[in-house]
Amino acid sequence: MINFPSKQPQVQTTIFTKMSQLATEEGALNLSQGFPGFDCSEELQELVRFYAKGHNQYAPMTGVPVFRQSIANKTNSFYGVTLDADTEVTVVSGATEALFAAIHCCVSAGDEVIMFDPSYDAYDPIVRLAGGIPVHIPLKSSNSFQIDWEELGRKITPKTRAIMVNSPHNPTGAIWSMEDLEAFASLVKGTNILIVSDEVYEHIVFDGAKHASVLLHPELRQRSFVCGSFGKTYHITGWKIGYCLAPPYLTQEFRKLHQWVTFSSATPLQYALADYLKTPAHYLGLSSFYQQKRDLFASYFKGSRWKILPSHGSFFQCLDYSEISDESDVDLSVRLTKELKVASIPVSVFYETPPEDRILRFCFAKNDDVLKEAAQKLAQL
């Protein structure tokens, strides 16, 4: 056998792959991996069929011009922020690629990158592949997973190159406020720290709240890569179409990385989405759509031994099972998949140092009948 040392010896198959595979093997209801259990609109599918005729060659590396302009127009309409489609908008093959390119274009060997745990599992390995040093700050369930700004201030050092932001937050459903943006801006002002902001759930916020994008704060906007995705917004996670919004000096560097990763993304899909974006109702109704599902799923746990943790955004509901079992969340998630036929994600896998919490994450982006069946089974515990 050839001596072939791994560049990521600590990385295993993701928990999402493991739990989805187990759900398939066990015939379980899959509330683990975060993908919608329903199809995208027929109108969007029809647009793809239309543009598949004559638009099947490479798209420009930066994205189809009309699509980039549609993204810029939508950003202006939704946030009141004006972007130059040519110098500040780049189309990529999914938000994970945007995260990868953003981190690699700004992080060098020895640079520190701060992230908040529980953090999406791609952040840490991408930083390490870039030669960076992940600095994990644990968030507490007792504080509703809110940022401790004083602690963040203590963790910032001369080596801090970037800070990861994720709101609405996966896996907890926590969201940032405009006050959070102000606190954050006061910490990074006067530094050379960059921000990689994962905002894929931007249109899924609940109870009348509004998404506080880093684009809305001038101090943050000038130093931020905003990574977005149409997969979560339009129920098309399999299309892998995302984008990165950044000021021109950052976009220039971002595109240097992007061109060596995927170069360009599926051409007919970009044209279809450019048209579909012209109707704001397609994304403006998303919060109410998912709030109904959140409320339906959570309603079955009132009066049960499960503790419902607040979900202010995303399409995830976390449940505390500390009154039900002393098992680790990994063990319980596996057992429930096998015995109750309901698959979930153990929240501890999102931490560098797992806390003593007993929490499972459930995806409620599923049809109502699936949510009802899964919740009824779980509520009996």
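Section: the pairing of strand S13 (residues 359–363)
Stage number 1. Counting buried residues in S13 gives five out of five residues, a clear majority hidden from the surface.
Stage number 2. Burial of S13 is two-sided: the residues Ile 359, Arg 361 and Cys 363 facing one way and the residues Leu 360 and Phe 362 facing the other way are all buried.
Stage number 3. Here strand S10 (residues 316–320) pairs with S13 via five bridges, running antiparallel. Considered in S13, the bridge of Gln 317 is made with Phe 362.

Some points on the sheet that holds strand S7 (residues 224–229)
Stage number 1. Pairing within the open sheet is mixed, and its seven strands lie in the order S2-S8-S7-S6-S5-S3-S4. A single partner strand is all that each edge strand has here, and the edge strands are strand S2 (89–92) and strand S4 (133–138). Pairs of neighbouring strands in the sheet enclose a mean axial angle of 20°, with direction left out of account.
Stage number 2. The sheet contact formed by strand S3 (residues 112–117) and strand S5 (residues 160–166) spans three bridges and is parallel. Its bridge partner being in S5, Glu 112 is matched across the sheet by Thr 160.
Stage number 3. Together, S2, strand S6 (194–198), S7 and strand S8 (242–245) form the strand contacts of helix H9 (residues 248–261), whose direction differs from that of S2 by roughly 20°.

Here's the deal with the pattern of salt bridges
Stage number 1. Within the structure shown, the criterion is met by 16 salt bridges.
Stage number 2. Close ionic contact of Arg 49 with Glu 46 constitutes a salt bridge, the shortest N to O distance being 3.0 Å. With a gap of three residues between them, Arg 49 and Glu 46 both fall in helix H2 (residues 42–51), about one helical turn apart.
Stage number 3. Judged by its relative accessible area of 38%, Arg 49 falls in the partly exposed class.
Stage number 4. A relative accessible area of 43% means that Glu 46 is categorised as partly exposed.
Stage number 5. Between Asp 368 and Lys 293 there is a salt bridge, with the nearest N and O atoms lying 2.8 Å from each other. Residue Asp 368 is located in helix H14 (residues 368–379), and its partner Lys 293 is located in helix H12 (residues 286–299); the two are separated by 75 residues in the primary sequence.

Procedures and definitions
- Residues numbered from 1 in each chain as written.
- Predicted model: local features only at pLDDT ≥ 70, side-chain atom pairs only at ≥ 80, totals over all residues.
- Heavy atoms only, no water.
- Buried < 20%, exposed > 50% of the residue type's maximum accessible area, 1.4 Å probe, protein only.
- Helix = DSSP H or I, 4+ residues; strand = E, 2+ residues; numbered from the N terminus.
- Pairing = 2+ DSSP bridges.
- Axes fitted to C-alpha atoms, helices over the stretch in contact; angles between N-to-C directions.
- Contact = heavy atoms within 4.5 Å.
- Salt bridge = Lys/Arg side-chain N within 4 Å of Asp/Glu carboxyl O.

Honestly, it's all geometry; don't read function into it.
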